[in-house]
Amino acid sequence: MLEVKFAEVDRNALQELGMNILSTGALNTPGSISTQQFSSPTSSELSSSIGAHLTGFGTQYNLADLLNIFVFRPDLNLGLLIKALQQKSLLQTLAEPNLIALEGKEASFLAGGEFPVPIVQGTSGNSSISIQFKEFGVRLKFVANPNPDGTINLHVAPEVSALDYTNSVTLSGFLIPALSTRKAETEVQLKDGQSFAVAGLLDNRVTKINSKIPWLGDVPILGNLFKSSRFVKAKTELLVMVTPRLIKPLEPGQPQPLPQFPVPFLDNEKFNGKTGKAPDANSPRPAG
């Protein structure tokens, strides 16, 4: 029996900075100026009484995002919408499959799905399209061979794949996503109950998008009002822990062991960057 733990830790950092200039009717010309990276109000969303005095003047505009900075001059019917956003997120995906196989026989595990891929067959004049399904997700294959001295020769191949629409292609009108895959394959020799880990499968991606309005964004100093930027940094690390065990059938009348609930092995205190002394294994723990 092979006990496997998959842990995928995903860190994302996002920074956005942009500005929209809008008019609710100055000189009878309602509208907005935007780099289109952030949503800007349309003419139908802006309403005011054009030409009215300051007394009794009314302007309405609905803000969909409360993380914005909004400045408005009612006497000029001119507004400024600034968006400055910083976001950090953490995601941990954990799978703990247990596989049982006979000596020298391959066992496999897949937790994921399949996506259709159209395949063009035949010539251009007489062609047909067939559909094939490709698998993706958390996959594991292994072959175990026990030795007389109690050790186990283990050939293991873990793999984690996900759909990647940023590198997709279009074939005959069908959108086919790419696969982002991280996998490893190795052979080790372990004793019953020993564990080994495969780590360091990192995926670092940095994306920076700058947008500006032509000509206006090139003006010195004032051109910054017509620019926007978006910076995304993603870091994903995959950790796989494998523990082989030799098992025997239960004897007649022997009670069956109860299943154990999985316990996350990610230390939140250390992962969040907090420093401090590690807790002592012999120190008392709070009840609960």
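Residues numbered from 1 in each chain as written. Predicted model: local features only at pLDDT ≥ 70, side-chain atom pairs only at ≥ 80, totals over all residues. Heavy atoms only, no water.

Any details on the pattern of salt bridges? Residues and values, ideally.
Counted by the stated rule, this structure contains 5 salt bridges. Among the salt bridges present, the one from Arg 139 reaches Glu 135, with a minimum N-O distance of 2.8 Å. What makes Arg 139 buried here is its relative accessible area of 19%. Taking the shortest distance from any N to any O, the salt bridge between Arg 139 and Glu 159 comes out at 3.9 Å. One end of the pair, Arg 139, is in strand β9 (residues 127-146); the other, Glu 159, is in strand β10 (residues 151-171), and 20 residues separate them in sequence. Residues joined by salt bridges that share partners form a network here, namely Glu 135, Arg 139 and Glu 159. (Salt bridge = Lys/Arg side-chain N within 4 Å of Asp/Glu carboxyl O. Buried < 20%, exposed > 50% of the residue type's maximum accessible area, 1.4 Å probe, protein only. Helix = DSSP H or I, 4+ residues; strand = E, 2+ residues; numbered from the N terminus.)

So what's going on with the side chain of Thr 236? Residues and values would help.
In this structure, Thr 236 sits in strand β14 (residues 227-244). Contact partners of Thr 236, with chain neighbours within four places excluded, come to Glu 8, Val 9, Asp 10, Arg 182, Leu 201, Leu 202 and Asp 203. (Contact = heavy atoms within 4.5 Å.)

Could you give an account of the environment of Glu 103, naming the residues involved and the relevant values?
Following the sequence through the fold, Glu 103 ends up in the loop between β7 (98-99) and β8 (106-122). A relative accessible area of 58% means that Glu 103 is categorised as exposed. Separated by 43 residues in the primary sequence, Glu 103 and Pro 146 have C-alpha atoms spaced 6.9 Å apart. If sequence neighbours within four positions are ignored, Glu 103 has contacts with Ala 144, Asn 145 and Pro 146.

Could you give me a rundown of a nonpolar patch on the surface, with the residues and numbers involved?
Taken together, the side chains of Val 120, Ile 129, Ile 131, Phe 133, Leu 171 and Phe 174 make up a nonpolar region of the molecular surface, amounting to roughly 530 Å² of accessible area. Looking at the element boundaries, Leu 171 is found in strand β10. Judged by its relative accessible area of 34%, Leu 171 falls in the partly exposed class. (Patch = residues over 30% accessible without salt bridge, like charges linked within 9 Å, V, L, I, M, F, W, Y side chains within 5 Å. Areas by Shrake-Rupley, 256 points an atom, 1.4 Å probe, with all protein chains shown as cover.)

Break down the layout of surface pockets for me, citing the residues and quoting the values.
As a volume, the largest pocket reaches approximately 690 Å³. Taken together, 21 residues make up the lining of the largest pocket; nearest its centre are Met 1, Glu 3, Asn 98, Arg 245 and Gln 260. Elements with a contribution of two residues or more to the lining of the largest pocket: β1 (2-23) and β14. Counting residues per element, the lining of the largest pocket draws most heavily on β1, at 3 residues. Class assignment of the residues belonging to the lining of the largest pocket gives a composition of 12 nonpolar, 4 polar and 5 charged. (1 Å grid on protein atoms, 1.4 Å probe; cavity = no way out; pocket = protein on both sides within 12 Å on 5 of 7 lines; lining within 4 Å. Points joined across faces, edges and corners; volume = space filled by probe spheres on them. Nonpolar A, V, L, I, M, F, W, Y, C, P; charged D, E, K, R; others polar.)

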